[in-house]
Amino acid sequence: MTEDTNADIAVMVVDDHPMWRDGVARDLDAAGFRVVATADGVAAAGRRARATTPDVVLMDMHLPDGNGADATVAVLEASPQTRILVLSASAERNDVLDAIKAGATGYLVKSASAEELFDAVRATSAGQAVFTPGLAGLVLGEFRRMSTSPQPESDTRPTLTDRETEVLRLVAKGLSAKQIATRLTLSHRTVENHVQATLRKLQLANRVELTRYVIEKGL
């Protein structure tokens with residue numbers, strides 16, 4: 001992958017440690033990525049995502065005014081097309097699952113090499129889920145557990161059409177409406193109509209809540 005290709009990817013780095021944050025930003029810049037912003041907390045991440053609309057955000061999990069899950073929600077509300085790649089010292093189960101439930105696309109621990117990080121940023125930008133070895137199994141295991149858990153009798157889940165469910169799953173994977181349209185051979189407008197219909201049926205506000213619904217319901 002050339003530096004010219006990397007330059008097509010706008011990246012924001014969110015971390016409360018200045019030396020680490022600035023070091024990662026410098027490494028990305030040296031590799032040809034376009035670093036458009038850095039932030040040190042949840043509030044700053046939301047503001048700067050709205051101003052710069054990065055393609056990928058590298059997100060720490062432990063921030064002074066919240067956590068990486070909170071910041072992920074803030075970023076996706078400000079810039080719904082942005083993809084979140086967690087880069088954290090923590091590999092704790094709850095941190096990983098909280099990040100994914102909030103809408104993160106992948107999760108790397110900070111012991112990853114520079115090349116592994118660069119590869120992960122490129123893959124995340126392309127809509128792929130990237131995990132440090134071992135963490136993908138944890139996430140899939142949780143999805144499997146939730147999908148096989150009996151639903152409470154009081155669960156009156158709205159009925160979605162097969163197409164709405166198909167679109168919903170692709171939204172949860174982080175695909176844009178344009179990418180979903182291409183995948184399903186539909187028009188962009190048709191995909192947006194399915195998304196809006198699903199939001200109304202489920203009484204949800206945005207794509208982040210749709211993603212959380214898919215994970216919680218094990219769809």
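What this report covers is the structure whose coordinates are included nearby. (Residues numbered from 1 in each chain as written. Predicted model: local features only at pLDDT ≥ 70, side-chain atom pairs only at ≥ 80, totals over all residues. Heavy atoms only, no water.)

Within the chain, the regular secondary structure consists of eleven helices and seven strands. Within the span of the chain, comprising 219 residues, buried residues form 48% of the whole. Counted over contacts in the chain with a minimum sequence separation of 6, partners at least 24 positions apart contribute 66%. (Helix = DSSP H or I, 4+ residues; strand = E, 2+ residues; numbered from the N terminus. Buried < 20%, exposed > 50% of the residue type's maximum accessible area, 1.4 Å probe, protein only. Contact = heavy atoms within 4.5 Å.)

Before going further, it helps to examine the sheet that holds strand β6 (residues 83-88). Read across the open sheet, the five strands follow the order β2-β1-β3-β6-β7; overall the sheet is parallel. Every other strand in the sheet has two partners, leaving β2 (34-39) and β7 (106-109) as the edge strands with one partner each. The mean angle between the axes of side-by-side strands here comes to 20 degrees, regardless of whether they run parallel or antiparallel. As judged from the four bridges shared by strand β1 (residues 10-14) and strand β3 (residues 56-59), these two strands associate in the parallel manner. In the sheet register, V13 faces β3, and the bridge partner there is L58. Against the sheet, helix α4 (residues 68-78) touches β1, β3 and β6, its axis set at about 165 degrees to β3. (Pairing = 2+ DSSP bridges. Axes fitted to C-alpha atoms, helices over the stretch in contact; angles between N-to-C directions.)

With that settled, the discussion passes to the packing of aromatic side chains. Aromatic rings considered in pairs are described by the distance between their centres and by the relative angle of their planes. This structure, assessed with the given rule, holds one aromatic pair. Consider the rings of F33 and F118, whose centres lie 5.8 Å apart with planes at 45 degrees: the pair is tilted. Of this pair, F33 sits in the loop between α2 (18-30) and β2 while F118 sits in helix α6 (residues 114-125); the two residues are 85 residues apart in sequence, bridging distant segments of the chain. There is no split in this pair, since F33 and F118 are both buried. (Phe/Tyr/Trp six-rings, centres within 6.5 Å; stacked < 30°, edge-to-face > 60°.)

This part takes up the environment of D70. Structurally, D70 is set in helix α4. What makes D70 partly exposed here is its relative accessible area of 39%. For the pair D70 and A45, spaced 25 residues apart in sequence, the C-alpha to C-alpha distance is 10.0 Å.

Let's shift gears to the packing of helix α8 (residues 162-172) against helix α10 (residues 188-202). The N-to-C vectors of α8 and α10 enclose an angle of 95 degrees; their axes lie 9 Å apart at closest approach. The angle between the axes of α8 and α10 places the two elements in the roughly perpendicular class. Residue-level inspection shows R163, E164, V167, L168 and V171 of α8 in contact with α10, the latter providing V191, H194, V195, A197, T198, K201 and L202. (Parallel < 35°, antiparallel > 145°, perpendicular 65-115°, else oblique.)

What follows is about the pairing of β1. Most of β1 sits inside the fold, with five of its five residues counted as buried. Residue alternation in β1 divides its side chains into two sets, A10, M12 and V14 and V11 and V13, and both sets are buried. Sheet topology places β1 next to β2; five bridges connect them, and they run parallel. Across the sheet, V11 pairs through a bridge with V35, a residue of β2. The parallel pair β1 and β2, bridged by α2, forms a crossover whose chirality is right-handed. (Right-handed = clockwise from strand over helix to strand, strands pointing away.)

Position of R47 among the secondary structure elements: in helix α3 (residues 42-52). The class of R47 is exposed, set by a relative accessible area of 53%. With 28 residues separating them in the primary sequence, R47 and V75 have C-alpha atoms 8.0 Å apart.

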